[in-house]
Each structure stands twice: as C-alpha cells, then as structure tokens.
Amino acid sequence: MTERTSLPRTVRTLTAGPRKKAAVIAAAVVLLVSCGSDQQEKEPVPEGLGEVTVAADGVQEVTLQTQDDYVFTPDRFTVAPGPVRLTVVNVADQMTHNLEYTDDELPQPIDAGIPVLAPGEQKTIEFEVTTPGDYPFSCTFHAQLGQVGTMTVEK
Ligand SMILES: [Cu+2]
C-alpha cells in the first residue's frame, strides 16, 4: 500500500534533480569565466619551458614544469617523429605530481612515464615516437582536477 503511493513521488524527485543540478553548474561556469577574464590572467610560461630543442646527440629535448597547482607548464608541446627526452621539473613546495601517458587511444603506446615526482625533484624520461597524432598525458594524482596535457607528434 505504501509502495504504491510513494512511487510517483520518487519519479518526480528523479526528474526534478538533474534540472536543478544543471542550473547550479551553469551558475558555476559563469562565475569561473568572469573570474578568469577579470583578475587571474594565466601566468606566462618561463623562458625555455616547453621549447623543443635538438641536443648534440640528435634527441629532441623538452622541459615541463609543475608547481603547487594542477597545471603542467606548459600543457602542450609538439615534437617530430624520433627520439624524445622529456624532463619534468617539480618546483612545488608541497605537491607531488607525476606524468603518465595513460590514454587507451594513443596513436602508439609510449612505454615511459614518471610515476612519482616529489616537491623539488626533477626527472627525465626518454622514448621514441613514430606515429603522428595527439598523445594526451596526465598527472594521474590530479587528472580529475584538470592536470592534463597533450604532446603532438607532427612531421
Ligand atoms: Cu599532479
């Protein structure tokens, strides 16, 4: 008896829920957008970071930085097919990060990553890419918070 009367109420709650949630999300997005354009300009990338150079041994070199936030600085770089030496410098005082190519749909698998990068630490990995395309990477600790990036391989 009680089940029969409570059923319609449950249905009504379920249909009202997502609409309310969408309104809240829309309000939050507006807040974020207005905040970003007014005050918090994106800090310029320090010189040399993200620049791809070719070392004496012919390997492409690039350095990214992490700090006490959830951003790779910069979060994109482009290399040509061939060997790559990627360094990540963690200048954070507090935060531990990492860098992994975890996407299931990489143009080709990359068998290298930095599992843990403590505050003040820097690590270098080397790997070879041959297939052009976009290779997403992330800090697996903070990917949910948006700490992701993309390496593009371009001929
Ligand atoms: Cu991180």
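Fair warning: this is a prediction, and the values are worked out from it, not measured in the lab.

Chemist: Help me understand the pairing of strand β2 (residues 60-66) in this model?
Modeler: Two faces belong to every sheet, and in a regular strand the side chains alternate between them. The buried fraction of β2 is high, at six of seven residues. Where strand β1 (residues 53-54) and β2 come together, two bridges link them in antiparallel fashion. Of the residues in β2, the one forming a bridge with Thr53 is Glu61. Between β1 and β2, which pair antiparallel and follow one another directly, the connecting turn spans five residues, one of which, Gly58, has a positive phi of 85 degrees. Two strands pair when backbone bridges link them, and β2 and strand β4 (residues 82-90) are joined in this way by seven bridges, in the parallel orientation. Paired with Val62 across the bridge in β4 is Leu86.

Chemist: Quick question: what am I supposed to make of the sheet that holds β4 here?
Modeler: Adjacent strands of a sheet pair through backbone hydrogen bonds, lying either parallel or antiparallel. Spatially, the four strands line up as an open sheet ordered β1-β2-β4-β7, and their pairing is mixed. Looking at strand neighbours, the two that pair on one side only are β1 and β7 (122-129), the edges of this open sheet.

Chemist: Looking at this structure, how should I read the environment of Ala143?
Modeler: Here Ala143 is to be found in the loop between β8 (133-138) and β9 (148-153). The sequence separation of Ala143 and Val71 amounts to 72 residues, and the corresponding C-alpha distance is 9.6 Å. Not counting the four nearest positions on each side in its chain, Ala143 is found in contact with Ser138 and Val148.

Chemist: Any chance you could explain unusual backbone geometry here in plain terms?
Modeler: Trans is the common state for peptide bonds, and a negative phi is the common state for residues other than glycine. The residue after Thr73, namely Pro74, is reached through a cis peptide bond having omega -10 degrees. Structurally, Pro74 is set in the loop between β2 and β3 (76-79).

What counts and what doesn't
Residues numbered from 1 in each chain as written. Predicted model: local features only at pLDDT ≥ 70, side-chain atom pairs only at ≥ 80, totals over all residues. Buried ≥ 20, exposed ≤ 12 C-beta atoms within 10 Å, placed from the backbone. Helix = DSSP H or I, 4+ residues; strand = E, 2+ residues; numbered from the N terminus. Pairing = 2+ DSSP bridges. Contact = placed C-beta atoms within 7 Å.

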